[in-house]
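What follows is each chain in one-letter form.
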Amino acid sequence: MVTATYSMPKSINYPFLISLLIGLCSIIIGLTEVQRIQPELQEIYQFLKISYGIVLLGVGFYFYYFPLSDLSATVLMVLSVSYSLLFMWFAPLYEVAYLEIGLACSFLNIKRAWIFPSIFGAGLVGMILSLIWQYDNKWYIPPILLSDSIWICAQCFLISLFVQKFAIGTFQKDKDRMVRFSIVGEETSKLMHDLKGMLSSPLLLLEALKNKNQNTSQENYEKQIQDLTQELENMRSVVRSINQLVITNEKLGPVDLAESAKQAKRILDRRLKNIKVQLPESKYVHGNEERIQSVLFNLMINSIEAFESSRPEMAEIKMHWSGNTLIYSDNAGGFSKSLQQNKLKSGLGLELIKIDLSKMGAKLKMMTIKNNAQTEITFKK
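Here the structure is a predicted model, which is why all the values come from computation and not from measurement.

Chemist: I would appreciate a short explanation of the nonpolar core in the present structure.
Modeler: Burial of nonpolar side chains together is a common tendency in soluble globular proteins. Y14, Y45, M77, F87, Y94 and F120 are the most contacted members of the largest nonpolar core, which totals 45 residues. Broken down by secondary-structure element, the contributors of at least two residues to this core are α1 (14-32), α2 (42-65), α3 (70-87), α4 (94-105), α5 (115-136) and α6 (146-210). Ranked by the residues each element gives to this core, the list is headed by α1, at 10 residues. When neighbours within four sequence positions are excluded, M77 is seen to be in contact with C105, L108, I110, I115, F116, I119 and F120. L296, I317, M319 and I377 belong to the second largest nonpolar core, which has 33 residues in total.

Written out as C-alpha cells, the structure is:
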C-alpha cells in the first residue's frame with residue numbers, strides 16, 4: 001500500500017507579516033494599556049483586544065501555509081477595518097490606525113480590484129460618522145500618551161519595511177519574470193525553426209536505419225546509431241537551456257561561465273552559423289547558472305540583431321577575461337548604432353541583463369571602442 005503525503009508550502013510573505021504585526025500589537029496593547037480605559041469598559045476592551053489579536057494571528061499563520069486569495073484578503077481587510085472602527089470607542093488615534101492598515105492592505109495583490117475600495121470606503125464612512133457622533137455627544141476618550149506616538153512610529157516603520165522588502169520585492173520578481181518570458185517568447189518562432197532544423201537530421205538517420213540492407217556493415221550501423229543519439233542529445237540540451245532561461249532561482253555559488261556561454265550559444269547555433277564566436281576560457285565565478293546563461297543569451301541576441309542590420313564583412317563575437325571581468329564585444333558598429341536599430345528589443349534585453357547581474361552582485365559597464373560594442377561584467381571575487 002502506497003501512502004501519498006502532502007506538505008503545504010511555507011513562506012514568510014507580506015500578508016503573513018501584516019497579519020502578524022496587527023495581531024501582536026492588539027494583544028500587547030490589550031495586556032499593557034487596559035488601565036487607561038474607562039473602568040466599566042476595561043474588561044470588554046481587554047477581551048476584544050486579545051480576541052482580535054488571536055484571530056489575526058490565526059489569519060497570519062493561514063497566509064504562512066496558503067497563498068493569498070481574494071477571499072482571504074477580504075477577511076483580513078474586514079478584520080482590519082472593524083478593528084479600527086471598534087477600538088476608536090475605547091482609545092484615541094484609531095483613525096491613524098485605520099490609515100496605517102489601509103496603506104498596508106493597499107499592497108495586497110488581489111484579482112478583484114473593487115474589493116479594497118469597497119471595504120475601506122465603507123470603513124471611511126463609518127469612521128467619519130463615528131467621529132461626528134463622538135464629537136456631538138462628547139464621548140469620553142482617554143488622552144493621548146507618549147506610548148501612543150511610539151506605537152504609531154514603530155508600526156509605520158514596520159509596515160513600510162514590509163512593503164519595501166516583500167510587497168515591492170514580489171512585484172519586482174513578477175516584473176523580472178514577465179520581462180524574461182517576453183524576450184524568450186519573442187524568440188520562440190526562431191527557436192522553433194531551429195528545433196525543426198535539428199529534427200531533420202534524426203529523421204534522416206531513422207529513415208536510413210529503417211531502410212538499411214544486408215550490405216550495411218556493423219561498423220556503419222553503429223556509427224549511425226551514435227549519430228542519432230548525439231543529435232537527440234543536442235536537442236535535449238537546447239530544450240533544457242531554453243527552460244533555464246525562464247526558470248531562475250536566487251541560489252548563488254561557483255559557476256563555470258565558459259559552460260554557461262556554451263549553453264547559451266547552443267540555443268542560437270543556427271542563427272550564429274555565419275558569425276565567428278570566441279568563447280571565454282573556463283573560469284568559475286560567484287553567481288547563478290541560469291542568470292549567467294540568460295545574460296549571455298541576451299548579449300548574443302542583441303549582437304545577432306545588430307549584425308542583421310549592419311552586415312559587416314566578418315561578423316565576430318569575442319569573449320575573454322581580464323582578471324575577474326568578462327569582456328564581451330562584437331563588431332556590429334557600437335552601442336550608439338545597434339541600440340537605435342531596435343530600441344524595444346535591446347531595451348528589454350538590457351533591462352533583464354541589469355536585473356540578473358544585480359541579483360548576483362556583479363557590475364556592468366557598456367561602451368563603444370573603435371566601432372565595437374564592448375560590455376564588461378565584473379563578478380564578485
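Chemist: Can you walk me through the pattern of salt bridges in this structure?
Modeler: Under the criterion given, the structure shown has six salt bridges. Two residues, R36 and D148, come together in a salt bridge whose shortest N-O distance is 2.8 Å. Of this pair, R36 sits in the loop between α1 and α2 while D148 sits in helix α6, and the two are 112 residues apart along the sequence. Per residue, the accessibility class of R36 equals that of D148, and both read buried. A salt bridge links K262 to E259, with the nearest nitrogen and oxygen atoms 3.8 Å apart. Here the residue K262 and the residue E259 both occupy positions in helix α8 (residues 257-267), the gap between them amounting to three residues, near one helical turn. With a relative accessible area of 40%, K262 lands in the partly exposed category. Taken together, the salt bridges that share partners define one network made up of E33, R36 and D148.

Chemist: Help me understand the confidence of the model for the protein chain, please; the structure alone is not making it clear to me.
Modeler: Predicted coordinates in areas of low pLDDT are best not read in detail. Per-residue confidence for the protein chain averages 81 on the pLDDT scale, and 73% of its residues sit at or above 70. With pLDDT under 50 throughout, residues 1-8 is counted as low confidence; its partners more than four residues away or in other chains account for two contacts. The low-confidence segment residues 337-346, where pLDDT is below 50, has 18 contacts with residues more than four positions distant or belonging to other chains.

Chemist: I'm lost on the packing of aromatic side chains in this one. Help?
Modeler: For any two aromatic rings, the description comes down to two numbers: the centre-to-centre distance and the angle of the planes. With the rule as written, the count across this model stands at 19 aromatic pairs. Ring centres of F116 and F120 lie 4.8 Å apart, and the angle between their planes is 35°; this geometry places the pair in the tilted category. Taken together, the residues F116 and F120, both in helix α5 and four residues apart, mark about one turn of the helix. Just above the ring of F87 sits the side chain of K49; from NZ or CZ to the centre is 4.7 Å. In this arrangement the basic side chain of K283 is found over the ring face of W321, its NZ or CZ atom lying 5.6 Å from the centre.

Chemist: Before we go on, may I ask you to explain the sheet that holds strand β5 (residues 325-330) in this structure?
Modeler: Sheet strands line up and pair through hydrogen bonds in the backbone, either parallel or antiparallel. With respect to topology, five strands assemble into an open sheet ordered β2-β4-β5-β7-β6, the strand pairing being mixed. A strand with exactly one partner marks an edge of an open sheet, and here the two such strands are β2 (276-278) and β6 (363-369). Averaged over all pairs of adjacent strands, the angle between strand axes in this sheet comes to 15°, irrespective of strand direction. Taken together, the six bridges between β5 and strand β7 (residues 372-378) define a ladder with antiparallel strand orientation. Across the sheet, residue S329 finds its bridge partner in β7, namely Q374. Helix α9 (residues 289-310) rests against β4 (316-322), β5 and β7 of the sheet, and its axis sits at about 20° to β5.

Chemist: Whenever I open this one, the packing of α1 against α2 confuses me. Can you help?
Modeler: A packed helix pair is summarised by two numbers, namely the angle formed by the two axes and the spacing between the axes. Contact pair α1 / α2: the axes reach a minimum separation of 7 Å and the direction vectors enclose 160°. The angle between the axes of α1 and α2 places the two elements in the roughly antiparallel class. You can see that α1 and α2 cross each other, and the crossing is left-handed. The residue makeup of the contact of α1 with α2, split by class, is 18 nonpolar, seven polar and one charged.

Chemist: In this structure, what is going on with the side chain of K49? I would like to understand it.
Modeler: Following the sequence through the fold, K49 ends up in helix α2. Notably, K49 is buried but unbridged: the nearest opposite-charge side chain belongs to E33, and the N-O separation is 7.6 Å. Apart from the residues within four sequence positions on either side, K49 is in contact with S26, I27, I29, G30, Y83, F87 and Y94.

Chemist: I'm lost on the pairing of strand β3 (residues 284-287) in this one. Help?
Modeler: If a strand is regular, its side chains alternate between the two faces of the sheet. Taking every second residue as pointing to the same face, the buried face of β3 carries V285 and G287, while none of Y284 and H286 on the other face is buried. The pairing of strand β1 (residues 253-256) with β3 spans four bridges and is classified as antiparallel. Looking at the pairing, V255 lines up with V285 of β3.

Chemist: Hey, could you run me through α9 in this one?
Modeler: For the α-helix, the turn length of 3.6 residues means that residues three or four positions removed from each other point alike. With 22 residues, α9 should cover 32 Å at 1.5 Å per step; its first-to-last C-alpha distance of 31 Å lies within 8% of that length. The buried count for α9 comes to 18 of 22 residues, which makes it a mostly enclosed element. The N-capping residue of α9, defined by a side-chain oxygen 3.0 Å from the backbone nitrogen of E290, is N288.

Chemist: Sorry if this is basic, but what is going on with the pairing of β7 here?
Modeler: The buried fraction of β7 amounts to five of the seven residues, a majority that puts the element mostly inside the structure. Note: β6 against β7, seven bridges, orientation antiparallel. Note on β7: the bridge partner recorded for K365 is E376. Linking two consecutive strands that pair antiparallel, namely β6 and β7, is a turn of two residues; a positive phi of about 50° is found at K370 within it.

Definitions and cut-offs
- Residues numbered from 1 in each chain as written.
- Predicted model: local features only at pLDDT ≥ 70, side-chain atom pairs only at ≥ 80, totals over all residues.
- Heavy atoms only, no water.
- Core = buried A, V, L, I, M, F, W, Y, C linked by side-chain atoms within 4.5 Å.
- Buried < 20%, exposed > 50% of the residue type's maximum accessible area, 1.4 Å probe, protein only.
- Helix = DSSP H or I, 4+ residues; strand = E, 2+ residues; numbered from the N terminus.
- Contact = heavy atoms within 4.5 Å.
- Salt bridge = Lys/Arg side-chain N within 4 Å of Asp/Glu carboxyl O.
- pLDDT = per-residue confidence, 0-100.
- Phe/Tyr/Trp six-rings, centres within 6.5 Å; stacked < 30°, edge-to-face > 60°.
- Lys NZ or Arg CZ within 6 Å of the ring centre and 35° of its normal.
- Pairing = 2+ DSSP bridges.
- Axes fitted to C-alpha atoms, helices over the stretch in contact; angles between N-to-C directions.
- Parallel < 35°, antiparallel > 145°, perpendicular 65-115°, else oblique.
- Left-handed = near helix turned anticlockwise from the far one by under 90°.
- Nonpolar A, V, L, I, M, F, W, Y, C, P; charged D, E, K, R; others polar.
- Lys, Arg positive; Asp, Glu negative; His and termini not counted.
- Expected span 1.5 Å × (residues − 1).
- Polar contact = N/O pair within 3.5 Å; in protein donor to acceptor, adjacent residues only side chain to side chain.

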